[in-house]
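Fold and contact review
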Amino acid sequence: VAVLLLLGLLEAEGKCFLNRTQEHCVCYSLSQESLSSIIQCLPASVVEFWGGQLERYTAFTISDPGPSAIKMLGSLMIRKIVFGDLLVPEILLAQVLRFFSYTQVQELVFESCVFKGRGNWAEMAGQDLPILSLHFHNVTSAPLTGREQDFSSLSSWLGTLQELAVTGSHVTSLPCGLGRVFRDLHSLDMAQNSLGDESLVPAFCQGAFPQLHVLSLQRNNLTSYHGVCESLQLLLELQHLDLSQNKLVAALPSSCQWPVSLRILNLSDTGLDEVLTPLPPSLEVLDVSCNHLRAVDISLSSLKQLFLSQNMLQAAPSIGNYPMLETLHLDNNSIPDLPWDEMKLLGHLQDVSAAGNPYNCSCSGA
């Protein structure tokens, strides 16, 4: 907030609205004349700024804050800041970002923003920031390829980042050097982009994202199940992978092995006619709902949760193939009956759901 006060942010008049119960403040199109409205946001932990254009401030030089300003920035309770519907000159962003080192802001979000030009990121070399979570949704910027030096200048901060989301932003590739900057990143969300099979190998090259636990590639342009497997083999800490809403097919038999750390795999709504193999050897959660499966004939000794709703199954899978199973969802399939022996096994599970099937009940059945 103090940064925005220094800038005299946006050119259209606007106001801020504080919800004290939720400690949430939303500001619309602030100007120098209405900056006093920001004061009421000071008790908030989440502040949102929507609307405006910052190009008029590109020539504005921002000096480093003095001791009193640093003390004020450090006393603010704001933990999350959202910027929305803004045209953001990168040269201005490069100057403003330094001020966050004096705050306690941990999460920064850009929603429906356009980033223009190139910033002088060399000024951020060696700069640490408290921000651990960075989110971009529906944003437009220059291609990431060829900007490795920019990210290298930010490496002191980006190397400590825990969560990164770049969603709905038409991203087609991630340079190898970019992934190597994110040394401590645990969660990467690249959903609703334009990543293809050929873009994954350079994105997840040797040394990229070494601590990554959660990866979402939901709703991209991926088609090769085995290609994805081969591209992610170097992610030795990967635990949760979401490939849902891609159109996957099985290629020729492959010797590819998923990272042994992988525990959760989401293959829902991927157009599958069969459960593709190989599956991660230590898998605990498998979601293959919303596909075209007619049968499931796999055996996974460590599986705890299996989601099979909205398929075309003619029979329930054999529970004996999953000795550790706790959850089984079979809703909206084509199962006519559940044999009594299987029913008894189902009764031992913690969570069973099998509604919406065309059961033919009789005394000989269940």
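Worth saying up front: this structure is predicted, and the values here are computed from it rather than measured.

What counts, and at which threshold
- Residues numbered from 1 in each chain as written.
- Predicted model: local features only at pLDDT ≥ 70, side-chain atom pairs only at ≥ 80, totals over all residues.
- Heavy atoms only, no water.
- Helix = DSSP H or I, 4+ residues; strand = E, 2+ residues; numbered from the N terminus.
- Buried < 20%, exposed > 50% of the residue type's maximum accessible area, 1.4 Å probe, protein only.
- Contact = heavy atoms within 4.5 Å.
- Areas by Shrake-Rupley, 256 points an atom, 1.4 Å probe, with all protein chains shown as cover.
- pLDDT = per-residue confidence, 0-100.
- Salt bridge = Lys/Arg side-chain N within 4 Å of Asp/Glu carboxyl O.
- Disulfide = S-S within 2.5 Å.
- Polar contact = N/O pair within 3.5 Å; in protein donor to acceptor, adjacent residues only side chain to side chain.
- Phe/Tyr/Trp six-rings, centres within 6.5 Å; stacked < 30°, edge-to-face > 60°.
- Core = buried A, V, L, I, M, F, W, Y, C linked by side-chain atoms within 4.5 Å.
- Pairing = 2+ DSSP bridges.

As a further point, take the overall build of the chain. In terms of helices and strands, the chain carries nine helices and 16 strands. Of all 366 residues assigned to the chain, the portion counted as buried reaches 49%. Sequence-distant contacts in the chain: of pairs separated by 6 or more residues, those separated by 24 or more amount to 60%. When the accessible surface of the chain is summed, it comes to about 16900 Å², and 52% of that surface belongs to carbon and sulfur atoms.

On average, residues of the chain carry a pLDDT of 88, and 90% of them reach 70 or more. Across residues 1-13, where pLDDT falls below 50, the model places 51 contacts with residues more than four positions away in sequence or in other chains.

Glancing now at the pattern of salt bridges. Per the stated rule, a full pass over the model turns up seven salt bridges. A salt bridge links arginine 147 to glutamate 90; the shortest N-O distance between them is 2.6 Å. Placement of arginine 147 in the loop between β7 (133-137) and α4 (148-153) and of glutamate 90 in helix α3 (residues 90-96) is noted, with a sequence separation of 57 residues between them. On the accessibility criterion, arginine 147 (6% relative accessible area) is buried.

Here we take up the state of the cysteines. Two cysteines whose sulfur atoms are joined by a covalent bond form what is called a disulfide. Per the stated rule, a full pass over the model turns up four disulfides. Two residues share a disulfide in this structure: cysteine 25 and cysteine 41, whose sulfurs sit 2.0 Å from each other. Here the S-S torsion is close to -50°, and the disulfide linking cysteine 25 with cysteine 41 is therefore left-handed. Of this pair, cysteine 25 sits in strand β2 (residues 24-28) while cysteine 41 sits in the loop between β2 and β3 (46-53), placing them 16 residues apart in sequence. Of the two residues examined, cysteine 25 and cysteine 41, each falls in the buried class. Counting its disulfide-bonded cysteines in sequence order, the chain shows a connectivity of 1-3, 2-4, 5-6, 7-8.

Now for the side chain of serine 302. As for its placement among the helices and strands, serine 302 is situated in the loop between β13 (285-287) and β14 (305-307). Among the polar contacts listed, one links the side chain of serine 302 to the backbone oxygen of leucine 283, at a separation of 2.8 Å. Look past the residues within four positions of serine 302 in its chain and what remains in contact with it is Pro281, Ser282, Leu283, Glu284 and Met324.

Remark: the centre distance and the inter-plane angle together describe each pair of aromatic rings, the angle taken between the planes. Evaluated as defined, the whole model comprises nine aromatic pairs. Here phenylalanine 110 and phenylalanine 136 contribute two aromatic rings whose centre-to-centre distance is 5.4 Å and whose plane-to-plane angle is 10°, an arrangement assigned as stacked. Taken together, the positions of phenylalanine 110 in strand β5 (residues 107-111) and phenylalanine 136 in strand β7 put the pair 26 residues apart, joining distant regions of the chain. Phenylalanine 136 sits in the buried class, given a relative accessible area of 19%.

Before going further, it helps to examine the nonpolar core. Ranked by internal contacts, the top residues of the largest apolar core, which has 97 residues, are Phe110, Phe204, Leu215, Leu243 and Leu286. Those residues in contact with leucine 215 that sit more than four places away from it in its chain are Leu188, Phe204, Leu232, Leu235, Leu238, His240, Leu241 and Asp242.

Attention shifts here to the pairing of β2. Taken together, the four bridges between strand β1 (residues 16-19) and β2 define a ladder with antiparallel strand orientation. Counted as the bridge partner of cysteine 16 is cysteine 27 from β2. As consecutive antiparallel partners, β1 and β2 are separated by four residues, and within that stretch glutamate 23 has a phi angle of approximately 50°, a positive value.

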